[in-house]
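Residue-level structure breakdown
Spelled out from the first residue to the last, the chains are:
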Amino acid sequence: MEMPTPNSRILERKSRIVARLLTVLPADAVIHEEVETRAYECDALTAYKCPPLCAVLPASTEEVSAVLKICHEEGVPVVPRGSGTSLAGGALPTADSVILGVARMNEVLETDYDNRFIRVQTGRTNLSVTGAVEMDGFFYAPDPSSQLACAIAGNIAMNSGGAHCLKYGVTTNNLLGVKMVLMDGTVTEIGGAYLDSAGYDLLGLICGSEGQLGVVTEATLRILPKPEGARPVLMGFDSNEVAGACVSDIIKAGVLPVAIEFMDRPVIRATETFANAGYPDCEALLIVEVEGSEAEIDEQLGLIMEIARKHNPVELRESKSAEESAAIWLGRKSAFGAMGQINDYMCLDGTIPVSQLPYVLRRIGEMSKDYGLDVGNVFHAGDGNMHPLILFDANKPGDLETCEAFGAEILRLCVEVGGCLTGEHGVGIEKRDLMVDQFAPDDLEVQMKVKDVFDPKWLLNPSKVFPLEASEARRAH
Amino acid sequence: MLTPRTEDELAEMIRETNAPLRIQGGGTRGFDPGTADEVLTTSGLSGLELYEPGALTLVVKAGTPVAEVEAVLAAENQRLAFEPMDHRRLLGTSGEPTIGGVVAANVSGPRRVQAGACRDSLIGVRFVDGNGTVLKNGGRVMKNVTGYDLVKLACGSYGTLGVLTEVSFKVLPKNEATAVILINGQSARKAVQTMSKALASPYEITGAAYTPSGLDGHPVTMLRLEGFAASVTYRAEALTKALGDVGEIHIETDPERTKAGWEWVRDVHSLSDVAGDLWRISVKPSDAPDVLEAIDPKAYLLDWGGGLIWARMPSGTDVRQKMQGIGGHATCLQGRASRFHPQPETLATLSAGLRAKFDPKGILNPGVMA
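The rules behind these values
- Residues numbered from 1 in each chain as written.
- Chains lettered and ligands numbered in written order.
- Predicted model: local features only at pLDDT ≥ 70, side-chain atom pairs only at ≥ 80, totals over all residues.
- Heavy atoms only, no water.
- Helix = DSSP H or I, 4+ residues; strand = E, 2+ residues; numbered from the N terminus.
- Rg over C-alpha atoms; globule rule 2.2 N^0.38 Å.
- Buried < 20%, exposed > 50% of the residue type's maximum accessible area, 1.4 Å probe, protein only.
- Contact = heavy atoms within 4.5 Å.
- Areas by Shrake-Rupley, 256 points an atom, 1.4 Å probe, with all protein chains shown as cover.
- Lys, Arg positive; Asp, Glu negative; His and termini not counted.
- Charge placed at Lys NZ, Arg CZ, Asp CG, Glu CD.
- Pairing = 2+ DSSP bridges.
- Axes fitted to C-alpha atoms, helices over the stretch in contact; angles between N-to-C directions.
- Domains from an automatic or database assignment.
- Salt bridge = Lys/Arg side-chain N within 4 Å of Asp/Glu carboxyl O.
- Patch = residues over 30% accessible without salt bridge, like charges linked within 9 Å, V, L, I, M, F, W, Y side chains within 5 Å.
- Buried area = accessible area lost by both parts, 1.4 Å probe.
- Polar contact = N/O pair within 3.5 Å; in protein donor to acceptor, adjacent residues only side chain to side chain.

Glancing now at the overall build of chain B. If you tally the helices and strands in chain B, you get 13 helices and 17 strands. Relative to the globule expectation of 21 Å for 370 residues, the C-alpha radius of gyration of chain B, 21 Å, shows essentially globular dimensions. Considering only C-alpha atoms, chain B reaches an extent of 65 × 50 × 35 Å along its principal axes. Residue burial in chain B is summarised as follows: out of 370 residues, 61% are buried. The long-range fraction of contacts in chain B, counting pairs at least 24 apart against all pairs at least 6 apart in sequence, stands at 70%. When the accessible surface of chain B is split by element, carbon and sulfur atoms take 48% of a total near 13400 Å². Side chains of chain B carry 38 positive and 42 negative charges; the gap between the two charge centres is 3 Å.

Below you can see the structure in the form of structure tokens.
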């Protein structure tokens, strides 16, 4: 993956820039020694690394504003960073950029149960938002797999989802307001603790803009009352087609599960070896979870199992207790770890229309043979968000490149059948060059015009999202 | 009146004109007419593009009547989750509401509290910007973070950034049963407390409204539960118990009556025959009673648990002035006040900047949202 050549005029001015940053931040909040900047050289897309010019860790909106103002004046690119868990390289620095980490801003500022919201600083982790309200019976719905570590700032930047978004939506559906700092240091607020905001939906525009429009320092999030209970049913099928048809029938029947998770044979086998979850050895496995009171769960699961039986499942296992639920989820939750045990892997994130599931899975199987790399599929089937895991050996010359080419072909297939390149991880650098497969030049141009309005000098996370050649004229000053 | 029949025809019309255009769907929502004389209607761009009930996905052309969309969905026992209102009776307009109009104004009904707004169900748009360029964003899948979310930006932009030609939605199954808990005689303040308590319960309230003057002239608080029959019965009982002593409670489960009751709320019928300016105020629910005290309306309705206030005011009242010190914003749908709440300077600058990019000739609904 190509990154722009660092601007030598910025590299030459490193000591001056660091000195200026030290005038607005305490010494321990400006990280500039080479050994220390290495900690910020990559995010969870570890194949790509580059230490930044320096990293700053402001502790308040005012400090963020002061930092951005200096960088704006100095013409230095800024790469905002939450917890650095991006799988797409969203927080990957360039040598001439300042990493702006929000990790020190993790306070809960306000909780309001009457109006069902929480206001937090955005360095707070996703899970600890729920942690702040769960003793009172509430939760924050978006639940990306990295929720223990990932920050709300990154969730907003990438519009993160999770397993339960079929019912509760993704970040954008649960975000009520933000305090944001523009690249020139201007602090602004969008939305608030009410359900619709005035004027254009700038909140919707900010969410998912990958840190390219502003740095969000505070967020007002919708919290929801916890359901009385939840239980899954596990079902095994002897073909992907049948499992896909079953998903479609469940949705058509009017039941709205909170999650429908799909695993194919390679993943089932890997997780069995790894976690011993007791899954049946079959082609495709679904975990369908519903919520409510005991009686409501019984009724919904009854209906779901009745539909499943029409598709001749090889296994149908309804959880009757918390222990059985945990056992059913165990394999799914350890799926990534299990695949990682076999080899290095690359996790894709394309979304497809649900009706195309069987076709896409078959094509991925065929491509796997052509490229000579194994692939396992585990994904959110209810909304068509796939997560093919391509196995490769990072130590074998050429394997990463083959893997990337294979991944790119899968993502092009997702677009071809009416889907998109990324459902919840974001574009970052990983899918940047594939954007031309999904968007016509005019459609990309208009998005770049939006960035022109918020960040005319293109200093915020400039080398992401758009293909480098498409953004070159705007980035070069 | 310009009535393009295809997206290409529309794009050409916009490319070739420098004259301001008033963009219209069915013209039933009484949009701020702005300053343009020439009307461009999307009513010629009508029809279903794609409907996959098993994938909960619907794609339609923007000029399609809402009634047609709802009928197509109803045939598969599905619906638009956000329950768009019909403005005709309230605003005294006529014509056929279009789905593009719903999107342009981000019109969302009582189910907003549980299922989200129009913008939350909208997953894709095609539109023609002020340069006459055909643009698309989003698509037909419900999880999509590829590039900037211009779908949200288009939703609620009242035709000022582009003319919508096609819209895609995530749709939802219709519910099997409905129960409405009706509580008589509460004050607005008490009603908001009751609604907050209900909305904070695990019983999935899909509507929470209050009128100081129900069909029989007395105050009524309304809480709606939807789902499978047994579940609705269970939750209605459990919620009633959880609410405690709130006054006289009646549970209505008749399908026709509950449907009619929530259409009455959705379309704000109680304010349609009252004279005066019409305001729509969005606030933090617990602030609603203070707003009512501050503005002292002739008639009002609370929806969204108090978060949405519909108010009829004596002609010429400056509601925004009276609301000072309380957060939120007020839209004036009928009256002499400017329609949209003035924005803070930074947001106004950003909005103007976006508008200049999408419509450099300044021909799309000039004067609207300005």
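Right, let's get into the sheet that holds strand E6 (residues 122-128) of chain B. Backbone hydrogen bonds hold the strands of a sheet together, and the pairing may be parallel or antiparallel. Residues and elements named next belong to chain B. One open sheet accounts for five strands, arranged E3-E4-E8-E6-E7; its pairing is antiparallel. Strands with a single pairing partner mark the edges of an open sheet, and in this sheet they are strand E3 (48-52) and strand E7 (134-138). Going from strand to strand, the sheet's axes swing by 10 degrees on average, the running direction of each strand aside. Across four bridges, the pairing between E3 and strand E4 (residues 57-61) is antiparallel.

Here we come to the domain arrangement of chain A. How big an interface is tends to be stated in terms of the accessible area lost upon association of its parts. Here chain A is partitioned into domain 1 (8-102), domain 2 (108-225), domain 3 (230-334) and domain 4 (343-416). In this structure, domain 2 of chain A and domain 4 of chain A have C-alpha centres spaced 30 Å apart.

Residues and elements named next belong to chain A. As for its placement among the helices and strands, Ala 103 is situated in the loop between strand E4 (98-101) and strand E5 (108-112). Exposure remark for Ala 103: the relative accessible area of 43% places this residue in the partly exposed category. It is 43 Å that separates the C-alpha atoms of Ala 103 and Ile 304, two residues lying 201 residues apart in sequence.

Bringing the side chain of Asp 399 of chain A into the picture now. Residue and element names in this part refer to chain A. Along the chain, Asp 399 falls in helix H15 (residues 399-416). It turns out Asp 399 is buried and unbridged, and the closest side chain with the opposite charge, Lys 396, is 4.1 Å from it. Excluding anything up to four places from it in sequence, Asp 399 contacts Leu 373, Phe 392 and Asp 393.

With that out of the way, let us pick up the pattern of salt bridges. Scanning all chains against the criterion turns up 51 salt bridges over all chains. Between Arg 474 of chain A and Glu 445 of chain A there is a salt bridge; the shortest N-O distance is 3.0 Å. Note that Arg 474 of chain A is positioned in helix H18 (residues 468-475) and Glu 445 of chain A in helix H17 (residues 441-454), a separation of 29 residues in sequence. Note that Asp 120 of chain B is salt-bridged to Arg 112 of chain B, the shortest N-O span being 3.9 Å. Residue classification places Arg 112 of chain B among the buried residues on the basis of a relative accessible area of 8%. Residues joined by salt bridges that share partners form a network here, namely Arg 13, Arg 16, Arg 20, Lys 69, Glu 73 and Glu 74 of chain A.

Let us now look at a negative patch on the surface. All names here are of chain B. A contiguous patch of negative charge, built from Asp 8, Glu 9, Glu 12 and Glu 16, is present on the exposed surface. Here Glu 9 is to be found in helix H1 (residues 7-16). Among the residues examined, Glu 9 registers a relative accessible area of 33% and is labelled partly exposed.

A word on the interface of chain B and chain A. With 70 residues of chain B at the contact, the number on the chain A side is 93 residues. Carbon and sulfur atoms supply 60% of the area buried between chain B and chain A, which totals about 6500 Å² over both sides. Between chain B and chain A we count seven salt bridges in total. A salt bridge links Lys 357 of chain B to Asp 452 of chain A, with the nearest nitrogen and oxygen atoms 3.9 Å apart. Inspection of the region where chain B meets chain A yields 26 residue pairs in polar contact (both at pLDDT 80 or more). The element best represented in the side of chain B that touches chain A is helix H13 (residues 345-358) of chain B, accounting for nine residues.

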